[in-house]
Amino acid sequence: MTQKLLAKTEPDPSVVPTQNANVEGLYDEERAPKLTWKIYLRALFSDRVTLIAALFLIIMAVSALGAQFLAPFDPNQIDIMNRFMPPLSMTDAGQFHLLGTDQLGRDVLSRLMHGAQVSISIGFLGAICSGLLGITLGIIAGYKRGLFEDIVMRLVDGMQSLPSLLIALFVLFIIGGGYFNLVLVFTFLQWTVFCRMARSLTLNLRDSNFISAARVLGCTDARIMLRHILPNMVAPLMVLFTLEVAILILSEASLSFLGFGVQPPNASWGRMIASGRDHINTAWWLVTLPGLAIFLTALALNLLAGWCRAVSDPVHSSRWLTPKRKQNKQEG
Amino acid sequence: MNAMTEARTRVTGDRVDVSAAPIMSVEGLSVGFDTPHGPVQAVDNVSWSIRKGETLGIIGESGSGKSVGLETIMGLITSPPARISGQVLLDGQDILSMPQRQRRQLRGDRMAMIFQDALAALNPSLTIGTQISEVYRIRRGASRQAALDKAVELMDQVKIPSARSRLKAYPHEFSGGMCQRVMIAMALAMDPEILIADEPTTALDVTVQRQIMDLLQEVRRERGMSLILVTHDLGVVAECADRAVVMYSGRMAETATMRDLFRTPSHPYTRALLQAMPRVDARLERLQAIPGTPPTLSHIPSGCAFRPRCTFAQPRCAEEKPELRMLAAEHSAACHFAEAIREETSHD
């Protein structure tokens, strides 16, 4: 019985190659696919909506970063003689105000550019700080579980049941407004969002096979969290980060509108709306233009977030990076 | 020498020194969990040992406690939440009672493990090169470039063609067999003494299975490594293993050398397994299926767990749990009638 049974499993060298066929040239090195920046650029150009969003954000970034050099006027220069000039108007002195002037005769375009500097940088800085804090705590909580997780997550639950705008107003009322206090308050209020997301993603990942494999290879916990778990959450966290920037720009606008944010005479988009609201019947552009800036920046960030998510996923990116073939008209 | 030992010698190519002391021995290992249905005993009083250069097969169906036992040895299952008792001796030291830090030093360095689903066991967001070279970087503190060179060397050893150009590939660009090769390369990086292969070929098709098994045998032979092969495929064990442990619902049913196991199976379960295996010489014969299904771990029958499905069952089997008894050198079985069955099968 055993002899015949083993006859089946005995290798027959003539049928099965015992050595793995090591076929060189099966994988041509020269044809090895390379994902270069050109492919990403081509994908961006073929997606018109994202392209417009990206261009808008680039323009915003350039005008914010270079406001000191690019702005046509000093944003705080008061010119009472030429107040409430509508967009595209020329003063008697021959100064051209592309987007008009406000109630003190200051150039709206210059103020918008300086305001962009404040609004966008507060948005980014707030999102970075709250992201660092929240993601760190979230990964540790999700990976270690136990008492630490309980404490952190109950804290998150507690924080999220507080009215955040009210807390922000209260804290800013005590410690005073201003740039860094705003960032501090945003970090304090928004880390919970990152923490929740990072924890739930970690919970999904921590029991997967490749984490077991890493542990079997002798990786330390810190290494597993940093090198094996974190890279797998980059795509969803990047989307969250971009959305968070948009939310913080909106929050900054709200707080500055209420007078608790950036202090005058410094410009920020929220402050510009606040000071322009008294004149909404006579000078529409004082409220509309900064409002439009806030809205479009947030929209562009959201669009870009979706595109980044699609492209950064190594499994699905090829779908987005492959050039679309033109539709055959005869078929349609 | 009969056909079986001949066949195996040809495949493994060497003989194991049977008098040598075991490199690792598991003594009375039990692993239990608390579940909503009450406590379950996934592994119940299991003992086996493995010598240097030996291949030990662990056979059993799903839920028989094969993987749980090995994951406990590797430290993937830890004491809370699981209830672990018994000893795992590596060079005479109990690794279960070691502090975590010391145990981590053993993993990768002295024992490594490869998994069933290799694609899932590779990090989808890191390149192959990063993952293989990681071990060198964390253990030997090698520089990035030196570690990558070592990775290429390893990939050549596990016969991944054009290794260097594939360093930057991601796991999803690889086939199942290739992923398993990458896993093997990672496991071999630190030159472990014991390699645990948890159903390494189950997810692969037959020709690739063959290549992977040949590769495992080859690296085992070259490095004088011990291989623990977990499988439910009797063909794979018959071909590769020197000895085997048959598990049924968390307990050891039988352990023997491959020769004894196939010639004189002494546990009704082993016998039934062999009868359920297709044979090339017996045309048109119906395979003997084992009636019933394996018990769920929360409802293990009284006495012998195999009793409800056993053709030899007697009233005594329901009352008394059979202990593992030595029948011959290196041959033990847990059945009240092991001697009688052994006697019967040896006359076949």
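The written sequence of each chain sets the order in which its residues are numbered from 1. For this description, chains carry letters from A and ligands carry numbers from 1, given in the order in which they are written. Local features are withheld for residues below a pLDDT of 70 in this predicted model, meaning they are given only at 70 or higher, and side-chain atom pairs are given and counted only at 80 or more; totals for whole chains, interfaces and linings count all residues. Side-chain calculation: all heavy atoms of the structure are included, whereas hydrogens and water are not.

An unreviewed UniProt entry lists chain B under the name ABC-type dipeptide transporter, with Natronospirillum operosum as the source organism. Listed under Catalytic activity (unreviewed entry) in UniProt, the entry text for chain B is "a dipeptide(out) + ATP + H2O = a dipeptide(in) + ADP + phosphate + H(+)". UniProt annotates chain B under Sequence similarities (unreviewed entry) with the comment "Belongs to the ABC transporter superfamily." UniProt positions are given in the numbering used here, feature names are shortened, and annotations may be inferred rather than shown by experiment.

The name recorded for chain A in an unreviewed UniProt entry is ABC transporter permease, from Natronospirillum operosum. What UniProt records for chain A under Subcellular location (unreviewed entry) is the sentence "Cell membrane".

**Student:** So what's going on with the packing of aromatic side chains? Residues and values would help.
**Tutor:** Only Phe, Tyr and Trp rings take part, Trp by its six-membered ring, and two of them pair if their centres are within 6.5 Å. Stacked means planes under 30 degrees apart, edge-to-face means over 60, and tilted covers everything else. Scanning the entire structure with this criterion turns up 6 aromatic pairs over all chains. Arranged with centres 4.6 Å apart and planes meeting at 55°, the rings of B:Tyr248 and B:Tyr269 form a pair that is tilted. Of this pair, B:Tyr248 sits in strand β9 (residues 243-248) while B:Tyr269 sits in helix α10 (residues 268-275); the two residues are 21 residues apart in sequence, bridging distant segments of the chain. For the residue pair B:Tyr248 and B:Tyr269, the accessibility class agrees, reading buried in each case. Ring pairing ties together the aromatic residues B:Tyr248, B:Tyr269 and B:Phe306, which thus form one cluster. Positioned over the ring face of A:Tyr143 is A:Arg206, at 5.9 Å from the centre of the ring. Whether a charge lies above a ring is judged from NZ of Lys or CZ of Arg, which has to be within 6 Å of the ring centre and within 35 degrees of the ring normal. The ring of B:Phe174 carries B:Arg166 above its face, with NZ or CZ at 5.3 Å from the centroid. Numbering of helices and strands runs from the N terminus; a helix is a DSSP stretch of H or I covering at least four residues, while a strand is a stretch of E covering at least two. Relative accessibility decides the category of a residue: with a 1.4 Å probe and only protein chains considered, values under 20% of the type maximum give buried, values over 50% give exposed, and everything between is partly exposed.

**Student:** How would you sum up the domain arrangement of chain B? Please name residues and give values.
**Tutor:** Accessible area lost upon the coming together of the parts serves often as the stated size of an interface. Residues and elements named next belong to chain B. In this entry, domain limits derive from an automatic or database-based domain assignment. Looking at chain B, the domain boundaries give domain 1 (23-248) and domain 2 (252-280 + 287-294 + 307-347). Taking only C-alpha atoms, the centre of domain 1 and the centre of domain 2 are 28 Å apart. Any two residues whose heavy atoms approach within 4.5 Å at even a single point are treated as in contact. Between domain 1 and domain 2, the contact holds 18 residues from the first and 19 residues from the second. When two components associate, each loses some accessible surface as probed by a 1.4 Å sphere; the sum of these losses over both components is called the buried area. In this assembly, domain 1 packs against domain 2 so that about 1600 Å² is buried in total across both faces, 60% of it on carbon and sulfur atoms. Looking only at domain 1, the three residues that lose the most surface to domain 2 are Leu234, Val246 and Tyr248, adding up to 39% of its buried area. Only one rule defines a salt bridge in this text: a Lys or Arg side-chain nitrogen within 4 Å of an Asp or Glu carboxyl oxygen. The interface formed by domain 1 and domain 2 holds 4 salt bridges in total. Where Lys321 meets Asp44, a salt bridge forms, and the shortest distance between an N and an O atom there is 3.3 Å. Definition of a polar contact: a pair of N or O atoms within 3.5 Å, with one able to donate and the other able to accept a hydrogen when the atoms are protein atoms, and with sequence-neighbouring residues admitted only if both atoms are side-chain atoms. Counting across the interface, domain 1 meets domain 2 through 9 residue pairs in polar contact (both at pLDDT 80 or more).

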